Amino acid sequence: MSLQSWADAGWLTAHTSSAQEVKNLLAVVERDLQDAAQDLSPDWKLGIAYNAALRLCTLLLHVSGYRAGRQQHHYRTIQSLPLILGETYKENADYLDACRRKRNTVEYDLAGAATNEEAEELISFATEFRAEVLIWLRKRRPDWVP
């Protein structure tokens, strides 16, 4: 599979990114990582950290020239990771998809379903992932790195 084959299937649409869009997405990531570190419930910490990780996936997809369609938007954005960064990121995509499902549970169905350990693990993951995305971005579009 490739991003183009996903676009051909209607799962992605073409997208033209910009330095400003990258700057804005990174600002959201920074805000969310700072907010997730606050003294909040594990549910909220997990949700905020998930949002930071999702924005990093969004940045990768947008800079690659695509955006996810409306159906299964988060799922497609996350599952594009191995297509963009390589098959070694399949495990990361699977982890983030599990976080997506947990986030949906705590957001819509059940308070108290996330543990502090789960939230802290996702905060740590998103922080490390941010560094990896910045390395990727510097190689691909060094002029867009703030």
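Structure report, in brief. None of these values were measured; they are calculated from a predicted model. Counting starts from 1 at the beginning of each chain's written sequence and moves along it residue by residue. Per-residue local features are limited, in this predicted model, to residues with pLDDT of at least 70; the limit for side-chain atom pairs, both in listing and counting, is 80 or more; totals at the level of whole chains, interfaces and linings are taken over all residues. With hydrogens and water stripped out, all remaining heavy atoms of the structure feed into the side-chain values.

1. Here we look at the packing of helix 2 (residues 19-36) against helix 3 (residues 42-63)
Phase 1 of the analysis: What counts as an axis is a line fitted to C-alpha atoms, over the stretch in contact for a helix, and the angles between N-to-C directions run from 0 to 180 degrees. Numbering goes from the N terminus for both helices and strands, where a helix is a DSSP run of H or I of at least four residues and a strand is a run of E of at least two. Packing of helix 2 against helix 3 leaves a shortest axis separation of 8 Å and a crossing angle of 160 degrees. With respect to helix 3, the element helix 2 is oriented roughly antiparallel. The crossing of helix 2 and helix 3 is left-handed. Contact residues: helix 2 offers Glu21, Val22, Leu25, Leu26, Val28, Val29, Arg31, Asp32, Leu33, Asp35 and Ala36, while helix 3 offers Lys45, Ile48, Ala49, Asn51, Ala52, Arg55, Leu56, Thr58, Leu59, His62 and Val63.
Phase 2 of the analysis: Its residues assigned to classes, the contact of helix 2 with helix 3 shows 13 nonpolar, three polar and six charged. In these notes the angle categories are as follows: under 35 degrees is roughly parallel, over 145 is roughly antiparallel, 65 to 115 is roughly perpendicular, and the rest is oblique. Two helices that cross are described as forming a left-handed crossing if the nearer one is turned anticlockwise from the farther one by less than a right angle, and a right-handed crossing if clockwise. We call two residues contacting when some pair of their heavy atoms lies within 4.5 Å. Residues are sorted three ways: Asp, Glu, Lys and Arg are charged, Ala, Val, Leu, Ile, Met, Phe, Trp, Tyr, Cys and Pro are nonpolar, and all the rest, Gly among them, are polar.

2. Some points on the nonpolar core
Proteins that are soluble and globular tend to have nonpolar side chains buried together.
Phase 1 of the analysis: We call a set of buried residues a nonpolar core when its members are Ala, Val, Leu, Ile, Met, Phe, Trp, Tyr or Cys and they connect through side-chain atoms within 4.5 Å of each other. The rule is simple: take the accessible area with a 1.4 Å probe, protein chains only, and divide by the maximum for that residue type; under 20% is buried, over 50% is exposed, in between is partly exposed. Formed by 46 residues in total, the largest nonpolar core has its most connected members in Leu12, Leu81, Leu96, Leu122 and Phe129.
Phase 2 of the analysis: Those elements that provide at least two residues to this core are helix 1 (3-8), helix 2, helix 3, strand 2 (66-68), helix 5 (81-85), helix 6 (90-109) and helix 7 (116-140).
Phase 3 of the analysis: Per-element tally for this core: the top contributor is helix 3, with 13 residues.

3. Examining the pattern of salt bridges
Phase 1 of the analysis: Put simply, a salt bridge is a Lys or Arg side-chain nitrogen that is within 4 Å of an Asp or Glu carboxyl oxygen. Under the counting rule described, the total for this entry stands at eight salt bridges.
Phase 2 of the analysis: Here Asp94 and Lys90 are joined by a salt bridge, their closest N and O atoms 2.8 Å apart. On the criterion of helical spacing, the pair formed by Asp94 and Lys90 is a turn pair, its members being four residues apart in helix 6.
Phase 3 of the analysis: Taking the relative accessible area as the measure of exposure, Asp94 reaches 37% and is therefore partly exposed.
Phase 4 of the analysis: Taking relative accessible area as the criterion, Lys90 reaches 35% and is therefore assigned partly exposed.
Phase 5 of the analysis: Across the salt bridge formed by Asp143 and Arg141, the nearest N and O atoms sit 3.0 Å from each other.
Phase 6 of the analysis: Residue classification places Asp143 among the exposed residues on the basis of a relative accessible area of 53%.

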